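Overview (structure and organization)
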Amino acid sequence: MASQRDAAKARFDADAADWDTNKKHVESVDKAFEAIKRYVPAFGDGSAKNLDVLEIGCGTGLLSFQLAPHVRSIVGVDTSEGMLDAFNGKIAGLLSPEKANVAAVNVLVQEADDVHVQGAAAALDTRRGGSGHDTPYRFDLIVSHLTLHHIPSMPAIFATLFQCLKPGGRIALTDYEDFGPGAIPFHPKDKREGVERHGIQKEAIETIIDGTGFNEVRAERAFVLRKEVQAEDGKPAREMDFPFLICLGQRS
Ligand SMILES: C[S@@+](CC[C@H](N)C(=O)[O-])C[C@H]1O[C@@H](n2cnc3c(N)ncnc32)[C@H](O)[C@@H]1O
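Scope of this entry: the structure provided in the associated data block. Keep in mind that this is a model prediction, so the values were computed, not measured. (Residues numbered from 1 in each chain as written. Predicted model: local features only at pLDDT ≥ 70, side-chain atom pairs only at ≥ 80, totals over all residues. Heavy atoms only, no water.)

With that settled, consider the pairing of strand S7 (residues 238-250). A regular strand places its side chains so that they alternate between the two faces of the sheet. Within S7, 10 of the 13 residues are buried, which leaves it mostly tucked inside the rest of the structure. The sheet contact formed by strand S5 (residues 165-176) and S7 spans seven bridges and is antiparallel. Across the sheet, the residue bridging to Thr-174 is Ile-246, located in S7. The pairing of strand S6 (residues 215-229) with S7 spans 12 bridges and is antiparallel. Counted as the bridge partner of Arg-218 is Leu-248 from S7. (Buried < 20%, exposed > 50% of the residue type's maximum accessible area, 1.4 Å probe, protein only. Helix = DSSP H or I, 4+ residues; strand = E, 2+ residues; numbered from the N terminus. Pairing = 2+ DSSP bridges.)

Have a look at this one:
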């Protein structure tokens, strides 16, 4: 288990510097952002600016920085130093970094009261004029994109996410769908080490989210990403359509 995690971490550390130059990474995040806006009611009813958001597996911040202007705050967590360096480089490049409503910390989220998450949320609260002592901090919305398939235990992560939410808070997590063996080529062979599962399965994930105690549980096909896959098992290199699910639930 730990070696899977080490492999994933090494891969993301190595890929971080060029992550944003991959057009498919950017396209998939753009589509995830549009899906979040379509499915999370606060973006439709004009209340998104009240949202404190947690992003799991924030990477270089492609999604966090799209969301940031629309919400109150975002804490991103990731386990790759390389990814976090890229994220923090973007904060440093802002006109007024000291006023940013985003922060990122190196955390493998296992508990809602994680000291790094709490510290980052308190710092953002102080920055916007709060006391910084409103602990324990909890979130209105949790997002993640292309991260669930790297997380070893689905029941454990959903239990933690549930604890990280305020009452009424929601999850909106996007990842590619495991529609069978056809989903395996999503990752080229040399990137499969550290991948826990080849996408997420609709019914299985709904059962887990429901079993965690969430209400309004749904996993819906939200968009499709067309991308090139390598030649493998006698099949030529080709383009394939990969459906993505958005996993939704609310803590009552
Ligand atoms: C495929 S990348 C996606 C990054 C970003 N969400 C994007 O779409 O550009 C998956 C990210 O999840 C992070 N990750 C994997 N397992 C994690 C975990 N248990 N906790 C936090 N981050 C994790 C990796 O380091 C990596 O940055």
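Trp-19, Gly-57, Asp-78, Leu-108 and His-145 are the nearest of the 19 residues found near the ligand. Residue Gly-57 places a main-chain N or O atom 2.8 Å away from a nitrogen atom belonging to the ligand. A distance of 2.9 Å separates a nitrogen atom of the ligand from a polar backbone atom of His-145. Relative to its unbound accessible surface of 590 Å², the ligand loses 95% to contact with the protein. Among the residues forming the shell around the ligand, the class breakdown is 10 nonpolar, seven polar and two charged. (Near = heavy atom within 4 Å. Polar contact = N/O pair within 3.5 Å; in protein donor to acceptor, adjacent residues only side chain to side chain. Areas by Shrake-Rupley, 256 points an atom, 1.4 Å probe, with all protein chains shown as cover. Nonpolar A, V, L, I, M, F, W, Y, C, P; charged D, E, K, R; others polar.)

What helix H7 (residues 154-164) keeps buried is the set Met-154, Ile-157, Phe-158, Thr-160, Leu-161, Phe-162 and Cys-164. On its buried face, H7 is in contact with strand S1 (52-56), strand S4 (139-145), S5 and helix H8 (202-212). Between the side-chain oxygen of the N-cap and the backbone nitrogen of Ala-156 there are 3.1 Å, and the N-cap of H7 in question is Ser-153. (Contact = heavy atoms within 4.5 Å.)

Time to look at the nonpolar core. Ranked by internal contacts, the top residues of the largest apolar core, which has 46 residues, are Ile-36, Phe-43, Leu-51, Leu-67, Leu-141, Phe-244 and Ile-246. If you tally residues by element for this core, the top one is helix H2 (residues 23-39), at six residues. If we ignore the near neighbours within four places in the chain, the residues touching Phe-43 are Ile-36, Lys-37, Ala-48, Leu-51, Leu-67, His-70, Val-71 and Leu-141. Residues Ala-112, Phe-139, Phe-158 and Leu-165 belong to the second largest nonpolar core, which totals 35 residues. (Core = buried A, V, L, I, M, F, W, Y, C linked by side-chain atoms within 4.5 Å.)

Under the defined criterion, the tally for this structure stands at 20 salt bridges. In this structure, Arg-72 and Asp-52 form a salt bridge, with 2.6 Å as the shortest nitrogen-oxygen distance. Here Arg-72, found in the loop between helix H4 (62-67) and strand S2 (73-78), pairs with Asp-52, found in strand S1; they are 20 residues apart in sequence, far enough to count as distant. Judged by its relative accessible area of 36%, Arg-72 falls in the partly exposed class. For Asp-52, a relative accessible area of 6% puts it in the buried group. The salt bridge involving Arg-128 is made with Asp-52; its shortest N-O contact spans 3.7 Å. Of this pair, Arg-128 sits in the loop between helix H6 (115-127) and S4 while Asp-52 sits in strand S1, and the two are 76 residues apart along the sequence. (Salt bridge = Lys/Arg side-chain N within 4 Å of Asp/Glu carboxyl O.)

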